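If you want the building blocks of each chain, they are given just below.
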Amino acid sequence: MLSIMTWPVLVALTLRLSHVALLAVLGLGARPDSIPLPEHPRPDFQRDLWLNLNGRWRFAFDPADSGERAGWPGAGLPGAREIVVPFSWGSPLSGVPDSGGGDIGWYERTLTVPETWTGGGRRVFIVFGASDWRTTVWLDGTKLGEYQGGYTPFSFELTPHLRPGRAQRLVVRVDDAPHPFKLEGKQGYGKARGLWQTVYVEARGTAPLASVHFTPRRDLVGVGVDVRLLEPAPRALTLAVTFTNRDGRPTVTQRIAAGARTAHLDVPLPGARRWSLDDPFLHEVVVSVAGQGSGFFPDSVRTYFGMRTIGVADVPGTTIPYVAINGTPVYLQLTLDQAYHPEGYYTFPTDSALREEVLRPRRIGLNGLREHVKIETPRKLYWADRLGVLIMADVPNWWGPPDSAAFREHEVALRGMIERDYNHPAVFAWVLFNETWGLETRVGNE
């Protein structure tokens, strides 16, 4: 398991970083009506049936906070303004300037779920990669739920409210009002307001997988697999883990008892190819759960992991501790990455732009990035995994006092980040706090 490194070690590591901000000034490079960022946003946790909802949505500001009273969730939004999702309102690529519109934005679009996605125990969910900050969602006027937090993913089930094959109205309200405990991070460059990561719909099985985490053994000849279901198993299930790019495509199975929500497997993988900066090999895996009887549909996700360990080892012949990959000390040559785009703010315009952001450090002789006070998008971490670039993952800071509300926001973000990004071999450190931001109370003018 990736360990949360202690603050003194993080300080020592940070002092070695080159404080150079990588900035790609790239255009959108697509037709106005095309879908931006059409790629699946989670290559590390992907289901086969999914529908990308990026693109043009209707949009309205709500400066008086009167939209709910006026019936917008059911009747729809007034006016004809549009926004390009998933770019923050206020960013040039969104098409909506942040000029006195207030802190509440509403989104609307139609949604048609294919008839083939329903029946037989299948369930359908809408997934939001990230939305800043408090997000409420309705389908045809029925409230699906609410989520608070600006950096981690969340989802709501659509199944009970669907009319398959028919257009339905999806309405989203995002409240981005300022609070001293909100995690702001690097938003001084341009605020992340509203939806800023891909929104999509996916079909899941009857007992959906919530997470699959891989922990390589210290000797690198096997891997632990920890599976968590979204809900307790409704009946006895069979868990299957298939290593799809290993010779023979070996499959390991295990029973999950009715009522259980987690399962653990220890899988021997002798001679497994290791992940390193020079050979960033990824083991590709399909994980599925199935049950017997009618009305049960299996759930399956494609994911991956890198066979590597992260530790600390002295440089040979010295007592100087270095970060070590697979037991070998690595001299860290990282840059501080603001992870900010002047046209899209927290959201880069294309997947190729993200890939370029990750590849550029290697071209100039560096071996990693510190994502400065921003929880980065999964696709950027995917490219770091694929290209062999180390990542220090920061939790965004807040600017108010270190009170209980702030620490609750911080803990939700930290746990959500580790839960989502556990399998990325590129991530070698989790940075809990940048310097002392958020840990000190300012008194007077001090």
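A quick note: this is a predicted structure, and the numbers were derived from the prediction, not measured.

Participant: I'd like a description of the nonpolar core, backed by residues and values.
Facilitator: Formed by 50 residues in total, the largest nonpolar core has its most connected members in Leu390, Ile391, Met417 and Phe428. Ranked by residues supplied to this core, first place goes to helix α5 (residues 404-421) with 6 residues. Residues Ile126, Phe128, Phe154 and Leu162 belong to the second largest nonpolar core, which totals 30 residues.

Participant: Explain helix α4 (residues 378-387) to me, and be specific about the residues and the numbers.
Facilitator: The element α4 is extensively covered by neighbouring structure, given that 9 of its 10 residues are classed as buried. Buried within α4 we find Pro378, Arg379, Lys380, Leu381, Tyr382, Trp383, Ala384, Asp385 and Leu387. Once α4 ends, the next one or two residues include Gly388, with phi positive near 75 degrees.

Participant: So what's going on with the packing of aromatic side chains? Which residues, and what values?
Facilitator: Taken as a whole and judged by the stated rule, the model has 26 aromatic pairs. With a centroid separation of 5.7 Å and an interplanar angle of 15 degrees, the aromatic rings of Tyr340 and Tyr345 are classed as stacked. Here a set of aromatic residues connected by ring pairs shows up, and it is made of Trp57, Phe59, Phe61, Trp89 and Tyr107. Positioned above the aromatic ring of Trp383 is the side chain of Arg355, whose terminal nitrogen or guanidinium carbon lies 5.4 Å from the ring centre. One residue, Lys374, lies across the ring of Tyr346, its end atom 4.9 Å from the ring centre.

Participant: Tell me about the environment of Phe428, and please be specific about residues and values.
Facilitator: Summarising the element assignment, Phe428 is placed in strand β26 (residues 427-431). Since its relative accessible area comes to 3%, Phe428 is described here as buried. Residues Phe428 and Arg362 lie 66 residues apart in sequence; the distance between their C-alpha atoms is 17 Å.

Participant: Now, about the sheet that holds strand β7 (residues 134-139): what can you tell me, with residues and values included?
Facilitator: The strand order across the open sheet formed by 6 strands is β3-β2-β4-β10-β7-β8, and the pairing between neighbours is antiparallel. Here the strands that pair on one side only, and so sit at the sheet edges, are β3 (82-85) and β8 (142-148). For this sheet, the mean inter-axis angle between neighbouring strands, taken without regard to orientation, is 25 degrees. In the sheet, β7 pairs with β8 via 6 bridges, with the strands oriented antiparallel. For Trp138, the partnering residue across the bridge sits in β8 and is Lys143.

Participant: So, α5: which residues are in play, and what are the values?
Facilitator: Taking 1.5 Å per residue, 18 residues should reach 26 Å; α5 reaches 25 Å between its end C-alpha atoms and fits that length. The complete set of buried residues in α5 reads Ala405, Ala406, Glu409, His410, Ala413, Leu414, Gly416, Met417, Ile418, Arg420 and Asp421. Against the buried residues of α5 lie β8, α4, β25 (390-394) and β26.

Parameters and conventions
Residues numbered from 1 in each chain as written. Predicted model: local features only at pLDDT ≥ 70, side-chain atom pairs only at ≥ 80, totals over all residues. Heavy atoms only, no water. Core = buried A, V, L, I, M, F, W, Y, C linked by side-chain atoms within 4.5 Å. Buried < 20%, exposed > 50% of the residue type's maximum accessible area, 1.4 Å probe, protein only. Helix = DSSP H or I, 4+ residues; strand = E, 2+ residues; numbered from the N terminus. Phe/Tyr/Trp six-rings, centres within 6.5 Å; stacked < 30°, edge-to-face > 60°. Lys NZ or Arg CZ within 6 Å of the ring centre and 35° of its normal. Pairing = 2+ DSSP bridges. Axes fitted to C-alpha atoms, helices over the stretch in contact; angles between N-to-C directions. Expected span 1.5 Å × (residues − 1). Contact = heavy atoms within 4.5 Å.

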